Amino acid sequence: MRTLTAYGIGVVIVLAVLNGIAWQAGTPRLHGLNVFSAGFVLGVLGTYIAAFLYGYRRVA
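Everything numeric in this text was worked out from a predicted model, so none of it was measured. (Residues numbered from 1 in each chain as written. Predicted model: local features only at pLDDT ≥ 70, side-chain atom pairs only at ≥ 80, totals over all residues. Heavy atoms only, no water.)

Asks: Quick rundown of the environment of Ile49? Include the residues and the values.
Replies: Tracing the chain through its elements places Ile49 in helix H2 (residues 30-54). It is 15 Å that separates the C-alpha atoms of Ile49 and Gly39, two residues lying 10 residues apart in sequence. (Helix = DSSP H or I, 4+ residues; strand = E, 2+ residues; numbered from the N terminus.)

Here it is in structure tokens:
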């Protein structure tokens, strides 16, 4: 598995767990966490697009 793909999957899993815990706890800051999560996922998507456009090679 490529490193970038593993990173993207890991990000989605961790953010889903954090959002689930905050939702179950009824945290009033849930909106802020959702905005943070959405921004992070958009950042990962941008990384994928940049890797596709400029080329991505695994080093090591």
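Past the structure itself, the notes keep going.
Asks: Go over the side chain of Ser37, please, and point to the residues and values.
Replies: Note on placement: Ser37 falls in helix H2. If sequence neighbours within four positions are ignored, Ser37 has contacts with Leu15 and Asn19. (Contact = heavy atoms within 4.5 Å.)

Asks: Please provide a residue-by-residue account of the packing of helix H1 (residues 3-25) against H2, values included.
Replies: Running from N to C, H1 and H2 point in directions that differ by 170 degrees, and their axes come no closer than 10 Å. Between H1 and H2, the angle falls in the class roughly antiparallel. Residues Leu4, Thr5, Tyr7, Gly8, Val11, Leu15, Leu18, Asn19, Ala22 and Trp23 of H1 form the contact with H2, whose participating residues are Leu30, Leu33, Asn34, Phe36, Ser37, Phe40, Val41, Val44, Thr47, Tyr48 and Ala51. Considering only residue class, the contact of H1 with H2 consists of 15 nonpolar, six polar and no charged. (Axes fitted to C-alpha atoms, helices over the stretch in contact; angles between N-to-C directions. Parallel < 35°, antiparallel > 145°, perpendicular 65-115°, else oblique. Nonpolar A, V, L, I, M, F, W, Y, C, P; charged D, E, K, R; others polar.)

Asks: Residues and numbers for a nonpolar patch on the surface, please.
Replies: On the surface, a nonpolar cluster with roughly 770 Å² of combined accessible area is contributed by Leu42, Leu45, Ile49, Phe52, Leu53 and Tyr54. Classification of Tyr54 by relative accessible area gives exposed; the value is 71%. (Patch = residues over 30% accessible without salt bridge, like charges linked within 9 Å, V, L, I, M, F, W, Y side chains within 5 Å. Areas by Shrake-Rupley, 256 points an atom, 1.4 Å probe, with all protein chains shown as cover. Salt bridge = Lys/Arg side-chain N within 4 Å of Asp/Glu carboxyl O. Buried < 20%, exposed > 50% of the residue type's maximum accessible area, 1.4 Å probe, protein only.)

Asks: Can you tell me about the side chain of Asn19, naming the residues and giving the values?
Replies: Checked against the element boundaries, Asn19 lands in helix H1. On the accessibility criterion, Asn19 (17% relative accessible area) is buried. For Asn19, the side chain forms a polar contact with the side chain of Ser37, separated by 3.1 Å. (Polar contact = N/O pair within 3.5 Å; in protein donor to acceptor, adjacent residues only side chain to side chain.)

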